Amino acid sequence: MSDKSKIASSKREFGAGSNEMSDNSDKFLFKQGYYRKHIAPDSTCLFRCVSELRHDIQLYHPEVRKECVEYMRNNKKLFEKEIKWNYYDYIYNMSRPQTYGTILELQALAWLHKANVHIFTPFKEPVVLVDEPSHESTWRLFRKRDKQFDVVFSIEYMKSAAYCQSIVYEVLMKNVLGLPDIEYMTERMLYDPNNEKTTYEVNEEGRPVAITEDGRQLVLSTAQETNCALSQSDLCHFHNRDGFEDVKQFFEVQGTEKGYQVYLKDYYQTIANKPSPLLHDPEISCIRQLLEMHISPVPYRVAKSLDPHTYRNVEYDTWMDLRREANIATMYQMEYHRYYFTKTMRTLRFLHLLRD
């Protein structure tokens, strides 16, 4: 049985590797057998939801908005009673990316794609918005505020999504990047950060294995079959068997500061009392040594992506990162304008004084 098959047969519950849900609405839905997938809370949210439901990805939300506008433009009689101002002005406004979609646009998209729609709200049973026997699918959405929509899936669907996500990330980390002890790293980061629940043995083939709390045996990696997780593999004794002693001697003779300048020049920072970047153990992978030093080899959310019991909302994380970067850029831009405005005002004041 492969390691991934053993993980799939684990008795762990869905979501066991993530923090406890903090939103009471999410907890309520979870008890009903549903999972709310949070969508970026901006003007694209409704169209992102439909893109997710139609294409399993939110990337096509501009196309979804466009087809919604076209359908409403061509079917004026179906919607004009619900619109209080000029119909074509409304349609034009809805075509703009900064305009939020509403229940009316959701109905239009449901009729266009022959989908029934169930709307969930906090702590209430779902309301059926569209229910036609001839429709081929059912969309479930959560609406907390008038303009904010999220997607709702069954727990069983999300279990499958989490499992598939973990396979994709494992292929990337192991087969593409060739990093060692990926399953072990995921286990330690999410379930056993202090290494109190994992035991170690040697299997029948003579390979060291880590036995997890739920009984899985994870075969630990060798240097020959993997690549180093460090940007400079010279610093890792596990992956640099032949030259590590020379590197170690250089650090001992020249000092840590000089070692950073030579081996980590791209990451060198003038910070006092730098710790040694060397990983000394030749028998334990760089990933395991970093974990023993309480250093996360990868971000926590990457570890979540590798866990088949945990679903990571990658698109929401990406949107949050972009928003954070945009906010920082805006902050710097405001500081830039404030600085030059102040400088200009001082110059004008100085010239005014000279004139007087």
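Located above this text is the structure these notes cover.
Every value quoted in this text rests on a predicted model; they were computed, and no experiment measured them.

S.K.: Could you clarify how one ought to interpret the packing of helix H4 (residues 61-74) against helix H7 (residues 103-112) in this entry?
M.R.: A pair of packed helices can be characterised by two numbers: the angle between their axes and the separation between those axes. The geometry of H4 relative to H7 is characterised by a closest axis approach of 9 Å and an angle of 85° between their N-to-C directions. Judged by the angle between their axes, H4 and H7 are roughly perpendicular. For the pair H4 and H7, contact is made by Val64, Glu67, Cys68, Tyr71 and Met72 and by Leu104, Glu105, Ala108, Leu109, Trp111 and Leu112, respectively.

S.K.: Help me understand the packing of aromatic side chains in this model?
M.R.: A ring pair, where both rings are aromatic, is described by two values, the distance of the centres and the angle of the planes. Applying the stated criterion across every chain yields a total of 14 aromatic pairs. A ring pair is formed by phenylalanine 28 and phenylalanine 123, whose centres lie 5.8 Å apart and whose planes are at 70°; its orientation type is edge-to-face. Taken together, the positions of phenylalanine 28 in helix H2 (residues 24-31) and phenylalanine 123 in the loop between strand S2 (115-120) and strand S3 (127-130) put the pair 95 residues apart, joining distant regions of the chain. A ring pair is formed by tyrosine 71 and phenylalanine 79, whose centres lie 6.1 Å apart and whose planes are at 70°; its orientation type is edge-to-face. Through successive ring pairs, a cluster of aromatic residues spans Phe14, Phe30, Tyr35 and Tyr311. Above the face of the tyrosine 191 ring, arginine 12 is positioned so that its terminal group lies 3.6 Å from the ring centre. The ring of tyrosine 184 carries arginine 288 above its face, with NZ or CZ at 5.6 Å from the centroid.

S.K.: I tried to follow the side chain of threonine 99 on my own but got confused; where do I start?
M.R.: Within the secondary structure, threonine 99 sits in the loop between helix H6 (87-94) and H7. A residue is classified by how much of its surface remains accessible, and threonine 99, at 11% relative accessible area, is buried. Residues in contact with threonine 99, not counting those within four places in the same chain, are Ser43, Phe47, Arg65, Asn93 and Met94.

S.K.: Would you explain the side chain of serine 305 in this entry?
M.R.: Counting through the fold element by element, serine 305 comes out in helix H13 (residues 300-306). Here the side chain of serine 305 touches arginine 301 through a polar contact of 3.0 Å, landing on its backbone oxygen. When neighbours within four sequence positions are excluded, serine 305 is seen to be in contact with Gln165, Ser166, Tyr169 and Arg312.

S.K.: What is the right way to read the pattern of salt bridges from this model?
M.R.: Pairing is possible between side chains of opposite charge, provided their charged atoms come close. The tally for this structure, following the rule as stated, stands at 18 salt bridges. Where arginine 36 meets aspartate 150, a salt bridge forms, and the shortest distance between an N and an O atom there is 2.8 Å. Here arginine 36 is found in strand S1 (residues 34-37), whereas its partner aspartate 150 is found in strand S5 (residues 148-154), with 114 residues between them in sequence. The partner of arginine 188 in a salt bridge is glutamate 292, with the nearest N and O atoms 2.9 Å apart. You can see arginine 188 sitting in helix H9 (residues 182-191) and its partner glutamate 292 sitting in helix H12 (residues 286-292), a full 104 residues away along the chain.

S.K.: Explain the pairing of strand S6 (residues 199-202) here, please?
M.R.: Side-chain direction in a regular strand flips from residue to residue, so the side chains alternate between the two faces of the sheet. Examined bridge by bridge, S6 and strand S7 (residues 208-211) share four bridges and lie antiparallel to one another. Counted as the bridge partner of glutamate 201 is valine 209 from S7. Adjacent in sequence and paired antiparallel, S6 and S7 are bridged by five residues, among which glycine 206 carries a positive phi angle near 85°.

S.K.: Would you take a moment to explain the sheet that holds S5 for this structure?
M.R.: Whether parallel or antiparallel, the strands of a sheet pair through hydrogen bonds between backbone atoms. An order of S1-S5-S4-S2-S3 is seen for the five strands of this open sheet, with the pairing classed as mixed. Edge positions in the open sheet fall to S1 and S3, since each of these has one partner strand only. For this sheet the average axis-to-axis angle between neighbouring strands, irrespective of direction, equals 35°. Pairing geometry for S2 and S3, over three bridges, is antiparallel. When the sheet's bridge partners are listed, isoleucine 119 is paired in S3 with valine 127. Contacts from helix H3 (residues 45-55) reach S1, strand S4 (137-145) and S5 within the one sheet, and its direction differs from that of S5 by about 20°. Running at roughly 85° to S5, helix H8 (residues 155-176) makes contact with S1 and S5 of the sheet.

Reading the values: the criteria
- Residues numbered from 1 in each chain as written.
- Predicted model: local features only at pLDDT ≥ 70, side-chain atom pairs only at ≥ 80, totals over all residues.
- Heavy atoms only, no water.
- Axes fitted to C-alpha atoms, helices over the stretch in contact; angles between N-to-C directions.
- Helix = DSSP H or I, 4+ residues; strand = E, 2+ residues; numbered from the N terminus.
- Parallel < 35°, antiparallel > 145°, perpendicular 65-115°, else oblique.
- Contact = heavy atoms within 4.5 Å.
- Phe/Tyr/Trp six-rings, centres within 6.5 Å; stacked < 30°, edge-to-face > 60°.
- Lys NZ or Arg CZ within 6 Å of the ring centre and 35° of its normal.
- Buried < 20%, exposed > 50% of the residue type's maximum accessible area, 1.4 Å probe, protein only.
- Polar contact = N/O pair within 3.5 Å; in protein donor to acceptor, adjacent residues only side chain to side chain.
- Salt bridge = Lys/Arg side-chain N within 4 Å of Asp/Glu carboxyl O.
- Pairing = 2+ DSSP bridges.

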